[in-house]
Amino acid sequence: MNHVLSQPEQLRYARQMLLPELGEKGQLRLRQAHVLIIGMGGLGCPAAMYLAAAGIGTLVVADFDSVERSNLHRQILYQEHQIGRNKAQQGAINLHAMAPGVNYQVVREKVTADNVFSLVSDVDLVLDCTDNIHTRLLINQACVNLQRPLISGAAIGFKGQLLTLPMTKNSPCYQCIYHSTPDDQSSCLQDGVMGPLVGIIGSMQALQGIKYLSQIGSTGQAARLQLFNAIDMHWQNLAIEVDPSCAVCSNKDSRSKDAH
């Protein structure tokens, strides 16, 4: 493995490497990283764009859905003439055009209990950019069992949330916070969403991911839930604790044994 940045890489990432918290060492960590983004919609688009632009080594983009005209006000990676194409496939093509130095891998299948463990097991970090609670719980289960850090984003109307879960032995999981799977789950299709809001949350997912992978700050140490109200531009930070009765992560010692 090459542990030296090429001259084109040094020029491309020069402005972020000026940050002492990152530097060349952090940039090399990003180049060695393997990241999975599940959901290439309103959250996944900005998250993927910023991760690719930052120099992530391998970016796996997963989405079974196709681009629709109603997506375009918020899913800014796609263009009008790309309507009808698979989001993961077209997203990787568009990402390669802007950041050709990244290795892109495409998953066009729906994430299910049959494939989620194999997808998560191959990466260093998972970004959950989906809008389906059942898929979120599947992703959470795999990240808990395989001890992969999870950065989950959500946005509806004018409200967004960012959940960072290190998935270490003493950290909580998604189900510690969201105990049930409601049938009346809100969605962009039902309730609408402001386009720039998903851009904010998706970009924050990318930022948290970059900090975690390059070992900046405490991103990899503490679970954090951040709530954003776009009407008054207010952020709220909430402490997250392990739910001792959580059906997914309460038995920490069984995680590796249960992994597929």
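Structural notes, computed from the coordinates. Remember, predicted model here, so these are calculated numbers, not experimental data.

### Some points on the overall build of the protein chain
Scanning the protein chain from terminus to terminus reveals eleven helices and eight strands. Against the compact-globule benchmark of 18 Å for 260 residues, the protein chain has a radius of gyration of 18 Å, which places it among compact chains. Projected onto its principal axes, the C-alpha positions of the protein chain cover 55 × 40 × 40 Å. Summing over all exposed atoms, the protein chain offers an accessible surface of approximately 12700 Å²; the carbon and sulfur share of this is 51%.

### Notes on the sheet that holds strand β6 (residues 159–165)
The mixed open sheet is built from eight strands, whose spatial order is β3-β2-β1-β4-β5-β6-β7-β8. At either margin of the open sheet sits one strand with a lone partner, and together these are β3 (103–107) and β8 (234–239). Strand-to-strand twist across the sheet, computed as the mean angle between neighbouring axes with direction ignored, equals 15°. Here helix α5 (residues 87–98) sits on the sheet and contacts β2 (58–62) and β3; the angle it forms with β3, its principal contact strand, is near 170°. Docked against the sheet, helix α7 (residues 133–146) engages β1 (34–38), β4 (125–128), β5 (150–156) and β6, running at close to 165° with respect to β5.

### Regarding the nonpolar core
Ranked by size, the top nonpolar core spans 40 residues in total, and within it Leu51, Leu59, Leu95 and Leu127 carry the most contacts. Discounting residues that sit within four places of it in the chain, Leu95 has contacts with Met40, Ala48, Met49, Ala52, Leu59, Val61, Leu77 and Tyr104. Core analysis: the next-biggest nonpolar cluster, separate from the first, contains 32 residues, Val126, Ile139, Val144 and Cys246 among them.

### Remarks on the pattern of salt bridges
Enumeration according to the criterion identifies four salt bridges in this entry. Of the charged contacts, one joins Asp65 and Lys87 as a salt bridge, the two residues approaching to 3.8 Å between their closest N and O atoms. Residue Asp65 is located in the loop between β2 and α5, and its partner Lys87 is located in helix α5; the two are separated by 22 residues in the primary sequence. For Lys87, a relative accessible area of 4% gives the class buried.

### Here we look at the packing of helix α4 (residues 44–54) against helix α10 (residues 195–213)
For any two helices packed against each other, one specifies the inter-axial angle together with the distance between the axes. Between α4 and α10, the shortest axis-to-axis distance is 7 Å and the interhelical angle comes to 35°. Where α4 crosses over α10, the handedness of that crossing is right-handed. In this structure, α4 contributes Pro46, Ala47, Tyr50, Leu51 and Ala54 to the contact, and α10 contributes Val198, Gly199, Gly202, Ser203, Ala206 and Ile210. Partitioning the contact of α4 with α10 into residue classes produces eight nonpolar, three polar and no charged.

### Some remarks on the pairing of β6
Among the seven residues of β6, six are classified as buried, and the element is accordingly described as predominantly covered. What sits between the antiparallel neighbours β5 and β6 is a turn of two residues, in which Gly157 has the positive phi angle 60°.

### Some points on the pairing of β4
What you see with β4 is no split at all: Leu125 and Leu127 on one side and Val126 and Asp128 on the other are buried throughout. Where the polypeptide runs from β4 across α7 and back to β5, its parallel neighbour, the crossover connection is right-handed.

### What about the layout of surface pockets?
Here the second largest pocket is characterised by a volume of approximately 220 Å³. Residue lining of the second largest pocket: Gln16, Leu19, Glu21, Leu22, Leu30, Tyr50, Ala54, Leu207, Ile210, Lys211 and Ile216, and that is the complete set. Of all elements in the fold, only α4 and α10 reach the threshold of two or more residues within the lining of the second largest pocket. Examining the composition of the lining of the second largest pocket, we find that three residues originate from one element, α10, more than from any other.

### Quick word on the packing of aromatic side chains
Under the counting rule described, the total for this entry stands at two aromatic pairs. Their ring planes at 35° and their centres at 4.8 Å tell us that Tyr174 and Tyr178 sit as a pair that is tilted. Its relative accessible area of 5% is what places Tyr174 among the buried residues. With a relative accessible area of 23%, Tyr178 lands in the partly exposed category.

What counts, and where the lines are drawn
- Within each chain, residues carry numbers counting from 1 in the order of the written sequence.
- Whole-chain, interface and lining totals are the exception, using all residues; otherwise, since this is a predicted model, local features are given only for residues with pLDDT of at least 70 and side-chain atom pairs are given and counted only at 80 or more.
- In computing side-chain values, all of the structure's heavy atoms are included and hydrogens and water are not.
- A run of DSSP states H or I qualifies as a helix once it reaches four residues; a run of E qualifies as a strand once it reaches two. Both are numbered from the N-terminal end.
- Atoms counted for the radius of gyration: C-alpha only. Globule rule: 2.2 Å times residue count to the power 0.38.
- The Shrake-Rupley method, run with a 1.4 Å probe, gives the accessible areas here. Residue values count only the displayed protein chains as cover.
- If DSSP finds at least two bridges between two strands, the strands pair.
- Inter-axis angles, ranging from 0 to 180 degrees, are taken between N-to-C directions of lines fitted to C-alpha atoms, where helices are fitted over the stretch in contact.
- Working rule for contacts: check all heavy atoms of both residues, and any pair within 4.5 Å makes them a contact.
- Here the nonpolar core consists of buried residues drawn from Ala, Val, Leu, Ile, Met, Phe, Trp, Tyr and Cys, with membership extended through side-chain atoms lying within 4.5 Å.
- Per-residue accessibility, obtained with a 1.4 Å probe over protein chains only, is compared with the maximum for each type, and a residue is labelled buried under 20%, exposed over 50%, and partly exposed between these values.
- By convention in these notes, a salt bridge is any Lys or Arg side-chain nitrogen within 4 Å of a carboxyl oxygen on Asp or Glu.
- With the far helix as reference, a near helix turned anticlockwise by less than a right angle produces a left-handed crossing, and one turned clockwise produces a right-handed crossing.
- Residues are grouped as follows: nonpolar covers Ala, Val, Leu, Ile, Met, Phe, Trp, Tyr, Cys and Pro; charged covers Asp, Glu, Lys and Arg; every other residue, Gly included, is treated as polar.
- Orienting the strands away from the viewer, one traces the path from the first strand over the helix to the second; a clockwise path indicates a right-handed crossover.
- Only protein atoms enter the 1 Å grid, on which a cavity is a set of points fitting a 1.4 Å probe that cannot get out and a pocket is an open set with protein on both sides within 12 Å along at least 5 of 7 lines, lining residues being those with an atom within 4 Å of a point.
- Grid points are joined across faces, edges and corners, and a volume is the space filled by probe spheres set on the points.
- Note on ring pairs: Phe, Tyr and Trp rings are taken, using the six-membered ring of Trp, and paired if centres are within 6.5 Å. Classes follow the plane angle, with under 30 degrees stacked, over 60 edge-to-face and the rest tilted.

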